[in-house]
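The residues making up each chain are set out below.
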Amino acid sequence: MNRSIKKKSNPYSKGLYTITLAGLVAGILDSIAASLVFYLSLGFTPDQVLQYIASSLFGPSAFNGGILMVIIGSIMHFSISIFVAAIYFYSYPKVKIINTRPVWSGLLYGAGIWIFLNLLILPITKVQPVSFDVIDVAIAIFWHMILVGLPIALITKRHYYLK
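Residues numbered from 1 in each chain as written. Predicted model: local features only at pLDDT ≥ 70, side-chain atom pairs only at ≥ 80, totals over all residues. Heavy atoms only, no water.

S.K.: I keep staring at helix H2 (residues 46-58) and nothing clicks. Help me out?
M.R.: Given 3.6 residues per turn, any residue in an α-helix points the same way as the ones three and four places further on. A rise of 1.5 Å per residue sets the reference length of H2, with its 13 residues, at 18 Å; its end C-alpha atoms lie 18 Å apart and thus fit the reference within 8%. Largest kink in H2: about 25°, centred on Tyr52. Within two residues after H2, Gly59 carries a phi angle of roughly 70°, on the positive side. (Helix = DSSP H or I, 4+ residues; strand = E, 2+ residues; numbered from the N terminus. Expected span 1.5 Å × (residues − 1). Bend = angle between axes of the 7 residues up to and from the residue.)

In structure tokens, the structure reads:
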């Protein structure tokens, strides 16, 4: 007797998949942009960019911590990316403007992420303060809008659209 067993899909696992995918895509695009911009403006290597992230917990010693600090910086970076993707994902069905205007809300979300992290979170960490340059800030906000907020919004929209 051949019985086919239908596997019920778990909506929670699909949501977790979407959050993880959105966070990883945004995190990878953000890492590429940060590595490129920091290399062109400060001569930082991608490893140093990740050590900079780790320096929020470990201070300047993170730059002497080698591969361990690169790994810690990577874990921190992708944890934040997945966390902000989760916030957007769970807000999507509850906040009308997000689900009716996903492109605009994604762009604004990306700008909001940069503002929140750089103006509220970084000042209370061990990161060494850097000089404020309007052009650098504009570039960083722009890449967060296009490469972080927008992918999170579009991946989230796709999840709810296919539901």
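S.K.: Would you take a moment to explain the nonpolar core for this structure?
M.R.: Side chains of nonpolar character tend, in soluble globular proteins, to be buried together. One finds Tyr88 and Ile152 to be the most contacted residues of the largest nonpolar core, which totals 17 residues. Elements with a contribution of two residues or more to this core: helix H1 (11-42), helix H3 (66-91), helix H5 (102-121) and helix H6 (134-162). Of all hydrophobic cores here, the second largest spans seven residues; its members include Ala34, Trp114, Ala140 and Trp143. (Core = buried A, V, L, I, M, F, W, Y, C linked by side-chain atoms within 4.5 Å. Buried < 20%, exposed > 50% of the residue type's maximum accessible area, 1.4 Å probe, protein only.)

S.K.: Teacher, can you tell me more about the environment of Ala85 here?
M.R.: By the secondary structure assignment, Ala85 is in helix H3. Distance from Ala85 to Ile155, taken between C-alpha atoms, is 9.4 Å for residues 70 residues apart in sequence. Not counting residues within four places of it along the chain, the set of residues in contact with Ala85 comprises Ile19, Ala22, Gly23 and Ile152. (Contact = heavy atoms within 4.5 Å.)

S.K.: For this particular structure, what's the right way to read the side chain of Ser35?
M.R.: For Ser35, the location among the structural elements is in helix H1. Using a relative accessible area of 17% as the deciding quantity, one classes Ser35 as buried. A polar contact of 2.8 Å, which involves the side chain of Ser35, links it to the backbone oxygen of Ser31. Once you skip the residues sitting within four places of it in the chain, Ser35 turns out to touch Phe44, Pro46 and Val49. (Polar contact = N/O pair within 3.5 Å; in protein donor to acceptor, adjacent residues only side chain to side chain.)

S.K.: I'm lost on the packing of aromatic side chains in this one. Help?
M.R.: Two numbers describe a pair of aromatic rings. These are the distance of the centres and the angle of the planes. For the coordinates displayed, the defined rule picks out eight aromatic pairs. Seen in terms of ring centroids, Tyr88 and Tyr109 are 5.2 Å apart; in terms of plane orientation they differ by 55°. Their pairing is tilted. Of this pair, Tyr88 sits in helix H3 while Tyr109 sits in helix H5, and the two are 21 residues apart along the sequence. A single burial state applies to Tyr88 and to Tyr109, both of which are buried. Measuring from centroid to centroid gives 5.0 Å for Phe89 and Tyr160, while their planes differ by 35°, and the two rings are tilted. Of this pair, Phe89 sits in helix H3 while Tyr160 sits in helix H6, and the two are 71 residues apart along the sequence. These aromatic residues form a ring-pair network of at least three members: Tyr88, Phe89, Tyr90, Tyr92, Tyr109 and Tyr160. (Phe/Tyr/Trp six-rings, centres within 6.5 Å; stacked < 30°, edge-to-face > 60°.)

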